[in-house]
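Secondary and tertiary structure notes
Here is what each chain is made of, one letter per residue.
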Amino acid sequence: MSAEYFIGADIGTSGTKAVLCGIDGKVRAEALEEYGLSTPNPAWAEQDASYYLDAANRVIARVVRESGVEPREVKGMCISGLYGGSGIPLNSQMEPIYPCIIWMDRRADDECRQVRKLVPDEEIFDITGNGIDPYFGFAKMLWLKNNRPDIWAKTHMFLAPNHYVIYKYTGNAVIDHTSAGNLGGIYDMHNHCWSDTMLDRLGIPKDKLPQKMLAPQDIAGVLTREAAECLGLWEGMPVCAGCIDCLASTLATGALYDGQHVAIISTSINWGVIHSDFPANPEYISMPYSKKPRRMIYTYGGASTAGALLRWFRDDVVPFIPDTDGRPIRSDYKRLDSFAERISPGSDGLLILPYFMGERSPIWDTKARGTVLGLTLKHSYAHIYRALLEAVAYSLRHIMETSNVDVSANSSCVLIGGASRSPLWRQIFADVTGVPILYSKENVEAPLGDALLAAMGTGCAESFDLIKEWVKFENLVQPNIENHDRYTRLFKLYKKVYTSLKCNMHELTDICSGEIER
């Protein structure tokens, strides 16, 4: 009997990562390809589709090559992806004609106001389980319709980043239920299909959307000869439909049952809980869950920036740090952590609001802006870096406290993503939230969840419970009570500062937007 291996690939916001692992869950090879995003205007965020395909080609080929596994022993592949907002607009030849307006983008404010005149918030929530906000893909599609009618007229179909790559590999255009649900106002959460009523009311033609809607583990198609040669795999290998990346990550933690909640701290924050009843809170985002998308729902609060702040600080603010000889060396997170851990909790009076790209949950404010309060000549880059770590932790606490999930100290929160690899940041999250933080020493990210979906989709695995054999969450970080008390006082100020400055943020944004328009 031949060995069974699977490839999981995730097309993320800041890069694409792939793993090749066996049916035992052991990773034989992994690869990462980073890329950036374009912000042509404040609160805009878009990416070229070529980033996704080129990076996917490279990382998948690399794990096949470096694993030493015979290509025929790879039984299948699954590809997840960032929430691609509008999706990639493709022409009738299925070629990209405009960048993908991704989840982080906040440009569709006017479109949301127009939607509210057509459909009350309550009605759209009753059908879709979601509200009205520039975050959602349907609003971004309407922005294209209103502001780029030339692109809208030429758009044959919108495809999410991972489904675009799947199309290039298989020739099949599909969408999975999680991605469809995350588009917001056009997915019927009761019947798990496109809502003809909402498509009609909003003026979005159904034929601009993929018509084949699948569960994440369903086979979307098989590798063409050209794709197989490019990737070093075999023609006809199954490729699964995949899902939104935060759901693949959540699946990788072993979150399979109602009530389980997980914090994913990567480019942004996703803190979500699994449940089976219809969403109850329009302030949160809901979509079908990857395990059973017709029965289970994932509801989460999301902050627009988390790891994105640290990457910005590392690359643009402090790209070099002097070594012991005074020579500049390239900045990295481990070195920044080593300096920040010498700073006391509260960053010696420095407080940051992390609204560098507007904000989603729980304030839902497109015009919110990043704010640094308390800066003095005493403060160094280490203080600012620590204050950014603390700001993201405040943001998570804000999301958790406005939900209806019990997050008392009697329960623990599973933490995954880049933050889980930083001992300093793990402790800050525990201290700020007051909740014990559970993490794994293994590298638990979306590609591992994708690999599980590939094993399920190809019939090599019988149950999602297999993930519990692959990953163990046995490491716990307890809150420091003294630090928690200090952070609680600062957290109250954190919320008060936003309330006090909200009008000023809006006025500044409006003034600057007017200048850009002129």
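That block above? That's the structure.
My aim in this report is to walk through the structure given alongside it, one point at a time. All values derive from a computational prediction rather than experimental measurement.

**Remarks on the overall build of the protein chain**
Within the protein chain one finds 17 helices and 25 strands. Its C-alpha atoms give the protein chain a radius of gyration of 22 Å, near enough to 24 Å, the size a compact globule of 518 residues would have. Dimensions of the protein chain, computed from C-alpha atoms along their principal axes, come out at roughly 60 × 55 × 45 Å. Counting every position in the protein chain, which comprises 518 residues, the buried fraction comes to 61%. Partitioning the intrachain contacts of the protein chain with sequence separation of at least 6 by distance along the chain shows that 72% fall at a separation of at least 24. With 52 positive and 63 negative side-chain charges, the protein chain shows a separation of 2 Å between the mean positions of the two kinds.

**Let's talk about the sheet that holds strand β15 (residues 261-265)**
Read across the sheet, seven strands follow the order β17-β18-β16-β15-β23-β24-β25 without closing on themselves; strand pairing throughout is mixed. Of all strands in the sheet, those with a lone pairing partner are β17 (285-288) and β25 (475-477), marking the two edges. Each neighbouring strand pair of the sheet contributes to a mean axis angle of 30°, computed without reference to strand direction. Inspection of the sheet shows strand β23 (residues 413-416) paired to strand β24 (residues 437-439) by two bridges, in the parallel sense. Paired with C413 across the bridge in β24 is I437. Taken strand by strand, helix α10 (residues 245-252) contacts β15, β16 (269-275), β17, β18 (297-303) and β23, and its axis lies near 125° from that of β15. Contacting β15, β16 and β18, helix α13 (residues 381-401) runs over the sheet at an angle of about 25° to β16.

**Here we look at the packing of aromatic side chains**
Summed over the entire model, instances satisfying the criterion amount to 21 aromatic pairs. Judged by centre distance (4.9 Å) and plane angle (50°), the rings of Y83 and Y135 are tilted. Taken together, the positions of Y83 in the loop between β5 (74-81) and β6 (88-90) and Y135 in the loop between α3 (121-128) and α4 (137-147) put the pair 52 residues apart, joining distant regions of the chain. Y135 carries the same exposure label as Y83, and that label is buried. Clustering of aromatic rings is evident, with ring pairs tying together Y355, Y394, Y487, F491, Y494 and Y498. One residue, R426, lies across the ring of Y439, its end atom 3.8 Å from the ring centre.

**Topic: the pattern of salt bridges**
Under the defined criterion, the tally for this structure stands at 24 salt bridges. The closest approach of N and O atoms between E33 and R62, which form a salt bridge, is 3.0 Å. With E33 in strand β3 (residues 27-34) and R62 in helix α1 (residues 49-67), this pair connects stretches of sequence that are 29 residues apart. Beyond isolated ion pairs, a larger network of salt bridges with shared partners links K17, E30, R421 and E445.

**A short note on the packing of helix α2 (residues 109-118) against α4**
Angle between the axes and distance between the axes are the two parameters that describe a pair of packed helices. With their axes 9 Å apart at the nearest point, α2 and α4 run at an angle of 105° to one another. Taken as axis vectors, α2 and α4 run roughly perpendicular relative to one another. Contact residues: E111, C112, Q114 and V115 in α2; F138, A139, L142, W143, N146 and N147 in α4. Tallied by class, the residues present in the contact of α2 with α4 amount to six nonpolar, three polar and one charged.

**Section: helix α6 (residues 161-170)**
Counting buried residues in α6 gives nine out of ten residues, a clear majority hidden from the surface. Turning to α6, its buried residues are P161, N162, H163, Y164, V165, I166, Y167, Y169 and T170. Once α6 finishes, G171 follows within two positions and takes phi at roughly 85°, a positive value.

**Considering the nonpolar core**
In terms of nonpolar packing, the biggest core is built from 129 residues, with I60, M77, F138, Y169 and L223 touching the most fellow members. Counting residues per element, this core draws most heavily on α1, at nine residues. For M77, the contacting residues outside a window of four places in its chain are I7, I60, Y169, L223, L231, M237, P238, V239, C240 and A454.

**Some thoughts on the environment of A340**
In this structure, A340 sits in helix α12 (residues 333-340). The spatial distance from the C-alpha of A340 to the C-alpha of T458 is 46 Å, given a sequence separation of 118 residues. Ignoring any residue separated from it by four or fewer positions in sequence, one finds A340 in contact with A382, Y385, R386 and L424.

**Considerations on the state of the cysteines**
Counted according to the given criterion, the structure contains zero disulfides. The structure places no disulfide on C240, whose sulfur is separated from the nearest cysteine sulfur, that of C78, by 5.0 Å. Between C243, a cysteine without a disulfide, and C78, which holds the nearest cysteine sulfur, the sulfur-to-sulfur distance is 6.2 Å.

**Topic: the sheet that holds strand β1 (residues 5-11)**
Pairing in this open sheet of six strands is mixed, and the strands run β3-β2-β1-β5-β14-β13 from one edge to the other. Edge strands, defined here as strands with exactly one partner in the open sheet, are β3 and β13 (219-222). The mean angle between the axes of side-by-side strands here comes to 20°, regardless of whether they run parallel or antiparallel. With three bridges joining them, β13 and strand β14 (residues 238-240) adopt antiparallel strand pairing. Looking across to β14, one finds that I219 is bridged to C240. Contacts between α6 and the sheet are confined to β1, β5, β13 and β14, with β5 contributing the most and set at about 145° to the helix.

**Focus on the pairing of β1**
Within β1, seven of the seven residues are buried, which leaves it mostly tucked inside the rest of the structure. With burial as the criterion, each face of β1 is covered, one bearing Y5, I7, A9 and I11 and the other bearing F6, G8 and D10. For β1 and strand β2 (residues 15-22), the ladder comprises seven bridges, and the chain directions are antiparallel. Note that in β2 the partner of Y5 across the bridge is G22. Linkage of β1 to β2, two consecutive antiparallel strands, is achieved through a turn of three residues.

**Re the environment of D431**
Residue placement: D431 occurs in helix α14 (residues 423-433). Given the relative accessible area of 3%, D431 is considered buried. Along the backbone, D431 and F339 are 92 residues apart, and their C-alpha atoms lie at a distance of 19 Å. Beyond its immediate stretch of four places on either side in the chain, D431 contacts Q478, P479, N480, N483, H484 and Y487. Engagement of the side chain of D431 in a polar contact is seen with the backbone nitrogen of N480, the distance being 2.7 Å. A polar contact is formed between the side chain of D431 and the side chain of N483, at a distance of 3.1 Å.

Rules and cut-offs
- Residues numbered from 1 in each chain as written.
- Predicted model: local features only at pLDDT ≥ 70, side-chain atom pairs only at ≥ 80, totals over all residues.
- Heavy atoms only, no water.
- Helix = DSSP H or I, 4+ residues; strand = E, 2+ residues; numbered from the N terminus.
- Rg over C-alpha atoms; globule rule 2.2 N^0.38 Å.
- Buried < 20%, exposed > 50% of the residue type's maximum accessible area, 1.4 Å probe, protein only.
- Contact = heavy atoms within 4.5 Å.
- Lys, Arg positive; Asp, Glu negative; His and termini not counted.
- Charge placed at Lys NZ, Arg CZ, Asp CG, Glu CD.
- Pairing = 2+ DSSP bridges.
- Axes fitted to C-alpha atoms, helices over the stretch in contact; angles between N-to-C directions.
- Phe/Tyr/Trp six-rings, centres within 6.5 Å; stacked < 30°, edge-to-face > 60°.
- Lys NZ or Arg CZ within 6 Å of the ring centre and 35° of its normal.
- Salt bridge = Lys/Arg side-chain N within 4 Å of Asp/Glu carboxyl O.
- Parallel < 35°, antiparallel > 145°, perpendicular 65-115°, else oblique.
- Nonpolar A, V, L, I, M, F, W, Y, C, P; charged D, E, K, R; others polar.
- Core = buried A, V, L, I, M, F, W, Y, C linked by side-chain atoms within 4.5 Å.
- Disulfide = S-S within 2.5 Å.
- Polar contact = N/O pair within 3.5 Å; in protein donor to acceptor, adjacent residues only side chain to side chain.

On their own, these measurements won't tell you what the molecule is for.
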